Structures are given as structure tokens and as C-alpha cells.
Amino acid sequence: MLQMSNIYKTFNAGTVNEKTALRNLSLTLEDGDFVTVIGGNGAGKSTMLNAIAGTWPVDQGSIVIDGEDVTKLPDYKRAKYLGRVFQDPMTGTAATMEIEENLALALRRGQNRTLRIGIKDKERQQYREMLATLGLGLEDRMTSKVGLLSGGQRQALTLLMATLKKPKLLLLDEHTAALDPKTAAKVLETTDLIVNRDHLTTLMITHNMKDAIAHGNRLIMMMSGRIILDIRGEEKKKLTVSDLLHKFEEESGEEFASDKAILG
Amino acid sequence: MDISSLFVAMPGAVAQGLIWGIMAIGVYITFRILDIADLSVDGTMCTGAAVCIIMMQAGANVWVALLAATIVGMIVGLATGIFHTVMGIPAILAGILTQLGLWGVNLKIMGKSNQAINVDKYDLLVSLRYVKNAILDKNTIVVVVLFILVIIAVLYWFFGTELGSSIRATGCNEMMARAQGINTNFNKVLGLMISNGMVALASALLGQYQGFADINMGKGAIVIGLAAVIIGEAIFGKVFKNFATKLLAVALGGVIYFIVLQIVIWLGVDTNLLKLFQALVVAVFLAVPYWKRRYFTKPKKIEE
């Protein structure tokens, strides 16, 4: 479903702030893979997601989504294949627009925007049913402005928007990091539900090792713009946090520094 | 001071305010929907009148002249849009560049700095002459109100379509819009074109109304447009929530602005200082939301 081959990306090349964020990164995802991504700050996790999404062009390498080479496409054209949820709940939705208007924008992802009416009546029924599955009572507030919602509600809505039109690949960039633990758990639960139901190929970045182990069928660990660990299948199912820490030290030769990642 | 002289001047102020109301609706599209302060309108507010009057002098039908003025206005928006998106120039600067360039274009269109059109010789749609003692369907106030109602209806429809919604999303949250596959640069250009088209239309009407186009007629137009937007929101914001009524509030904001201006003139304020007065009024209105947040939000105390 996704083939990233030999990707390089350097920011601020030629200045004192030069930083090579991705170094010969290659990753292939099979159809239906749910991959969790962990790694320290500056490991290149978000950069990898942005490279796939096309936030900026990569310096070298190629990105193929479902057989189509998207390396040279700008972000809004790649959006046809991608569903995205960001870390900041403010990023994924339009605050001054209504809940149903946001959903209607998402339903038309990858289509030409025409002069047809923005929301058809029959869509509303679909939205109501989908919002009801979130269990947040949003189905009764469809004409409320999104700006009135809490961070957790907005993030759940963004998740719904990202998957409303089935994406080839779902990109989740620490989408629960800004939420309180209870809301985060709820949003993660919804994520699992939607990903399993629609059989979505998913890349999920998380700071939390427990979450990384508990979710998905494959786990990758990144460091210095490379993938240093790739665990899948039965091996992943048996994985524990201490295994991960041990492997991290083995691969990198240093201790894992973040308490947050260990204690979650 | 004779209060009756104020009353005599009122219909004129209302007519002028309504025409500027159309202009202000154009400003609303960029300033509120796209979140861009587009300064090219200072030039467009002359271009529309210049095109309209020169074409009518050459024998064109008034409707054809209005349409041509609107299209030229849209081309102005296209220029600002290209400066901003293709060339990456900040929106404010892009508008200033267009405005500066238009000075020359406007002079070229008119051939000199002022072109008059005689209401007796040409079949004008609106005029100073038609404000009082004009039959209903010729009355400038009625004509301009009809224009505004049609414009609001069209914009209400447009911003409810898929394309119109995507323009609103572009102005609200660009990251989100792009993640939903929306070409935000295209939408910004389109929004600027619609906005400047409306401003040019208002300019063409204003040129007919006052009977001439002048190279200076757009000076400070953005400030008047912003004033109308802000006054309309401040006065009607609590009542008018729907998009169509919000646009109506902006048009009414233009009327209120010109009524206030008329009162100020009647009070005998030095007319040379009017621009200063305008700038200060807009500055204060722009400051109100900030002051409200900063000084008038009471800290909420929870007693337990």
C-alpha cells in the first residue's frame, strides 16, 4: 500500500541549523497494516509522516501509494489517498464552520469542488449515524460551530473526517498526546474501532510505549531519521515495555531517556 | 445649526452608504472569510468607475459598462492573487503593489485624472439627481437596495456550494483545508477576484452616482470598507447570525457610517480632517474586541 524508498530530507541545508531529519529511510506497508511508530524527540517520526503527506518535497527517494508515484505531488493532491489526524486538536478542523460542514468538506476529499450544494440532505443522515458511533452526543449538535467543542471532541471529529472517505493510508501524528488520559483512551478506542472496521492501512505515531505495544500488528522504532527496529506478527504480540527498552539500548548504544515514554 | 439641513442631506448619505455597502461586502469576503486584508481595493475603487464611465462615453450600454467594470475588477483581484500565491508576497504587500500599479492603469484608462459623465446625456442607473423627487423604479436608493439584495442572494448561494465552502475552510484553517485536498492557493485567488469584482461594481455605481470618475476616489477606500464591516458587526452582530443577514449587516454598516459622517460634517468639523476622523474611528472599532478581552473579561471566581 505504501512504499517509501531511500528517502532523504535535510532542513536548513547549508546553514548552521542544518538538520538531516530523514536518512535513507525505506518503509513498505502491506494492505491493512496497522503500524505504531515510536522514537525519541527529533527521531524523524513526524518528518516521516509529513514526507508521506507532501508537506514539502523530499530531497531524494520515492514515495509510492497504492501503485502511484506521489513523490512530486503537492500535499493537497496527495490528500486524495490520505486521512490525517494531527497532534494539535485545532489543526484538523475548521473552527468557524459547523460540524456537518466540516464533515461535508471531508466527504469530498480528493474530488473537484463544484457549484453543487455543499451538503445534501441525505448526507446528514449518514453524518448523524457516524457521529453517534463516537458516543459523544455530537449527533445532536450537527449545526454547532466546531470551535465550541473540547479538544477530545474535536480530535474524535477529525478522526471521523479522516476516515469518512476511506483513505488508502491513515496518518495519525500523536493524535492523543494533547488530550487528558481518559479522553486519550477513548479516542484511541475509537481509532481501533474505525481502523478494524474499515480495514485501514495505518501509521500511528505515539509517545507511549504501552500504546505502541497494545495497538496494531507491527511496531517500528526510529532514531536519527532511520528505522532501527521493525517488529511484527507473533513477536510483536509478545513484546513488553522492558523488551523495547532493552532493544533500544542494544540498537542505539544509549539509554532511553524519556520517562513519559516509559511510564505513559 | 439648522437641523433641517441635516435632514435634507440624509437621503444622499443613505444612497452613498448603500453603494459603499456593496464595496464593504467585497471587503468582508477577503477580510473576514479569507482572513486577508486586501489593500488593492483602494485602486479598484477607482478602476471600476473609470472603466464604466469611459465605456459609456464611448456609447456602451450601462449594463455592459457595469459588467465590464466588474470583470476588470476581477482581473485586479487575479493580479493581487498571483502576487500573493505564485510569487509568495505577503497579502498586505501584494495589495499595496497592485494598488500602486493601478494608479498608472487608472490614469491610462481615463486619459486624464478626471472624467465626467452628464446625467442628462446618458442613461445612468443611479445618480445624485435620482435620490429625491424620483419615481420609485428610478430612485437610486431603491435601485441600489435591489443590487444589494441580489448580490447577497448570489453570495449566499455561492458560499453554500462545495466550492464556496472550500473557500471558507481555506480562510479558517489552511492546514485542514489542504489535508482535505483543497487547493488553497487557487481558492485565495478566486476569493480575491470575487472581492475585487464587487468593489469595482460598487465603484462603477459610485462613478455614475457622483457623475464622474476621479483618480483619487479610491483613496482610503479600504478604511471605509473596514469601518462598514466592523460597524455592521458591532451593531447587528448579536441579532444577525445567518450568513445572508451578516452580509446585510455589513451593507447597513456602510449606511450608518455615511450617516455619522454627514452628522460630523453638519456639526461643522473641518472637512480637511475627515480622513483623520475616519482612521481614528476604524482604529477604535478594531481595538474594541482586543480591549474587551484584555480589560473587561472578569476573572471567574468559583466559590467552594
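Per chain, residue numbering runs from 1 following the sequence as it is written. Each chain takes a letter, starting from A, and each ligand takes a number, starting from 1, following the order in which they are written. Note on the predicted model: pLDDT of at least 70 is required for a residue's local features to be given, and 80 or more for side-chain atom pairs to be given and counted; whole-chain, interface and lining totals, by contrast, use all residues. To get the side-chain values, all heavy atoms of the structure are used, and hydrogens and water are removed first.

### Thoughts on the interface of chain A and chain B
Our working definition: By definition, residues are in contact when any of their heavy atoms lie within 4.5 Å. Buried area is understood as the total, over both parts, of accessible area removed when two parts are fitted together, assessed with a 1.4 Å probe. The working definition used for a salt bridge is a side-chain nitrogen of Lys or Arg within 4 Å of a carboxyl oxygen of Asp or Glu. What qualifies as a polar contact is a pair of N or O atoms within 3.5 Å, subject to a donor-acceptor requirement within protein and to the restriction that residues adjacent in sequence count only when both atoms come from side chains. Secondary structure counts use DSSP, requiring at least four H or I residues in a row for a helix and at least two E residues in a row for a strand, with both numbered from the N terminus. Lys, Arg, Asp and Glu make up the charged group, whereas Ala, Val, Leu, Ile, Met, Phe, Trp, Tyr, Cys and Pro make up the nonpolar group; the residues left over, Gly among them, are polar.
Opposite the 28 residues of chain A that make contact, chain B presents 20 residues. For the chain A face of the interface with chain B, the top three residues by lost area are Tyr76, Arg113 and Leu115 of chain A, together amounting to 30%. Viewed at the interface, chain B and chain A are joined by three salt bridges. The salt bridge involving Glu162 of chain B is made with Arg108 of chain A; its shortest N-O contact spans 2.7 Å. Where chain A meets chain B, there are twelve residue pairs in polar contact (both at pLDDT 80 or more). Taken together, the elements giving at least two residues each to the side of chain A that touches chain B come down to α2 (75–78) and α3 (99–107) of chain A. Classifying every residue of the side of chain A that touches chain B by side-chain character gives twelve nonpolar, nine polar and seven charged.

### As for the packing of aromatic side chains
Stated precisely, the cut-off is as follows: Only Phe, Tyr and Trp rings are paired, with Trp represented by its six-membered ring, and only when their centres lie within 6.5 Å; those with planes under 30 degrees apart are stacked, over 60 edge-to-face, the remainder tilted.
One pass over the structure, following the stated rule, counts eight aromatic pairs over all chains. Ring pairing ties together the aromatic residues Trp157, Phe158, Phe159 and Phe243 of chain B, which thus form one cluster.

### Considering the sheet that holds strand β4 (residues 60–65) of chain A
Remark on secondary structure: sheet strands pair via backbone hydrogen bonds, oriented parallel or antiparallel. Residue and element names in this part refer to chain A. Which entries qualify depends on this criterion: Between any two strands, pairing holds if DSSP finds at least two bridges. Only the stretch in contact is used when a helix axis is fitted, and all axes are lines through C-alpha atoms; the angle between N-to-C directions ranges over 0 to 180 degrees.
Here we have four strands laid out as an open sheet, ordered β2-β1-β4-β5, and antiparallel in their pairing. Among the strands making up the open sheet, the edge pair consists of β2 (19–29) and β5 (68–69). Strand direction decides the pairing type here: strand β1 (residues 2–11) and β2, joined by seven bridges, are antiparallel. Bridge assignment links Phe11 to a residue of β2, and that residue is Lys19. Sheet strands touched by helix α1 (residues 45–53): β1, β2 and β4. Its angle to β2, the strand with the most contacts, is close to 65°.

### Topic: the domain arrangement of chain A
Residues and elements named next belong to chain A. To be explicit about the condition: How far each domain reaches was decided by an automatic or database domain assignment.
The domain boundaries assigned to chain A delineate domain 1 (2–81 + 167–263) and domain 2 (94–166). Each of domain 1 and domain 2 was reduced to a C-alpha centroid, and the two centroids are 26 Å apart. At the interface, 19 residues of domain 1 touch 13 residues of domain 2. Summed over both sides, the interface of domain 1 with domain 2 buries roughly 1300 Å², with 69% coming from carbon and sulfur. Among the residues of domain 1 in contact with domain 2, Lys80, Pro167 and Ile194 are the three that bury the most area, contributing 31% of the side total. Viewed at the interface, domain 2 and domain 1 are joined by zero salt bridges. Between the two partners, domain 1 and domain 2, sit five residue pairs in polar contact (both at pLDDT 80 or more).

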